[in-house]
Amino acid sequence: MLIPVYSTNGEMVESLEVREDVFGVPFNEPLVHQAVTRLMANARKGTHATKTRAEVSGGGRKPFRQKGTGRARQGSTRAPNLRGCGVAFGPHPRSYKQAMPLKMRRLAMRCLLSEKVLEEHLRVLNQWALEAPRTKDMIIALEKLGISDSVLILATADDQWVRKSARNLPNAWVMSVETANVLKIISYEYLLTTVNGMRWLEETLDPN
């Protein structure tokens, strides 16, 4: 399949032939949902905690005598049924990490990339023509490329000044193409990369 390649002036300069099994995959919603849920779960710290009655300070003294008061018997001032004391079934630190096979993760990436191509929300540049880190130049380039909504920019090692030019834009995010993931791609309306970035995605997400 062919994908148009643009310059930073918004002019189509060539057509890039890409693999159908990477950028033309049918969308698998349950698989993408699982991949996104996994990343969100793995980002959780799991440090929330409560103290049990054994961990709360104090409580060694019996609050009142066993019989004769008319009250329910109590053996400690730190029992869970008392206010400000130990918690019986509260949360404790744990890991929320979820496992997912590599082939499934790569298929989820191919599904999202194919959806961007189908919606015409994927923009491919021949190269970045930024001579200095200027936010104004980045805004002009995005406007000429027809990007009017949020955009995820996948940069390669050869792309100079891209990160610094886009870091002040509220609806743009720049990350290395090597660290791209389904959660970031699905969070932005447009996807922008270069020909080198497309070739790296093709090679990495090869289903064979």
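Look above for the structure.
In this text, all values refer to a predicted model and were calculated from it rather than measured experimentally.

Caption draft 1: Summary view of the overall build of the chain. The helix and strand inventory of the chain stands at 7 helices and 6 strands. Of the regular secondary structure in the chain, the N- to C-terminal order runs β-β-α-α-α-β-α-β-α-β-α-β-α. A compact globule built from 208 residues should have a C-alpha radius of gyration of about 17 Å, whereas the chain, at 27 Å, is more than 25% larger. Referenced to the eigenvectors of the C-alpha coordinate spread, the extents of the chain come out at roughly 95 × 40 × 25 Å. Residues classed as buried in the chain amount to 38% of the 208 residues present. Restricting to contacts in the chain with at least 6 residues of sequence separation, those with at least 24 account for 69%. Approximately 12,800 Å² of the chain is accessible, and the part contributed by carbon and sulfur atoms is 50%. The average position of the 30 basic charges and that of the 21 acidic charges among the side chains of the chain differ by 28 Å.

Caption draft 2: Seen up close, the pattern of salt bridges. Applying the stated criterion across every chain, the model contains 4 salt bridges. The shortest N-O distance in the salt bridge between Arg-19 and Asp-21 comes to 2.8 Å. Overall, Arg-19 belongs to the partly exposed group, its relative accessible area being 28%. Close ionic contact of Glu-202 with Arg-199 constitutes a salt bridge, the shortest N to O distance being 2.7 Å. Residue Glu-202 and its partner Arg-199 are located together in helix H7 (residues 195-204), separated by 3 residues, close to a single helical turn. A relative accessible area of 36% places Arg-199 in the partly exposed class.

Caption draft 3: Seen up close, the environment of Met-175. Take Met-175: it is sitting in strand S5 (residues 172-176). Look past the residues within four positions of Met-175 in its chain and what remains in contact with it is Leu-152, Ile-153, Leu-154, Ala-155, Arg-163, Ala-180, Asn-181 and Lys-184.

Caption draft 4: Inspection of the sheet that holds strand S2 (residues 12-17) at higher detail. Strand order in this open sheet of 6 strands is S2-S1-S3-S6-S4-S5, and the pairing throughout is mixed. Each edge of the open sheet is held by one strand with a lone partner, namely S2 and S5. Across the sheet, the axes of successive neighbouring strands diverge by a mean angle of 30°, strand direction being ignored. Inspection of the sheet shows strand S1 (residues 2-6) paired to strand S3 (residues 122-125) by 2 bridges, in the parallel sense. The residue bridging Val-5 from the neighbouring strand is Val-124, located in S3. Most of the contacts of helix H3 (residues 102-118) go to strand S6 (residues 190-194), to which it runs at about 100°, and overall it touches S1, S3 and S6.

Caption draft 5: Structural context of helix H4 (residues 135-144). For H4, the full list of buried residues reads Met-138, Ala-141 and Leu-142. Projection of H4 onto a plane perpendicular to its axis shows the buried side chains occupying an angular sector of 95°, all on one side. Looking at H4, the residues exposed on the side facing more than 90 degrees away from the buried face are Lys-136 and Glu-143. Where H4 is buried, its residues contact strand S4 (151-155), helix H5 (162-166) and S6.

Caption draft 6: Inspection of the nonpolar core at higher detail. Within the largest apolar cluster, 33 residues are counted, with the highest numbers of intra-cluster contacts made by Phe-23, Val-124, Leu-154 and Met-198. Elements with a contribution of two residues or more to this core: S1, helix H1 (20-23), helix H2 (29-42), H3, S3, S4, helix H6 (182-187) and H7. At 6 residues, the largest contribution of residues to this core is made by H3. Sequence-distant contacts of Phe-23, defined by excluding residues within four places in its chain, comprise Met-1, Val-18, Leu-113, Ser-114, Val-117, Met-198, Leu-201 and Glu-202. Within the second largest apolar cluster, 17 residues are counted, among which are Met-138, Leu-142, Leu-145 and Tyr-190.

About the cut-offs
- Residues numbered from 1 in each chain as written.
- Predicted model: local features only at pLDDT ≥ 70, side-chain atom pairs only at ≥ 80, totals over all residues.
- Heavy atoms only, no water.
- Helix = DSSP H or I, 4+ residues; strand = E, 2+ residues; numbered from the N terminus.
- Rg over C-alpha atoms; globule rule 2.2 N^0.38 Å.
- Buried < 20%, exposed > 50% of the residue type's maximum accessible area, 1.4 Å probe, protein only.
- Contact = heavy atoms within 4.5 Å.
- Areas by Shrake-Rupley, 256 points an atom, 1.4 Å probe, with all protein chains shown as cover.
- Lys, Arg positive; Asp, Glu negative; His and termini not counted.
- Charge placed at Lys NZ, Arg CZ, Asp CG, Glu CD.
- Salt bridge = Lys/Arg side-chain N within 4 Å of Asp/Glu carboxyl O.
- Pairing = 2+ DSSP bridges.
- Axes fitted to C-alpha atoms, helices over the stretch in contact; angles between N-to-C directions.
- Arc of directions from axis to C-beta.
- Core = buried A, V, L, I, M, F, W, Y, C linked by side-chain atoms within 4.5 Å.

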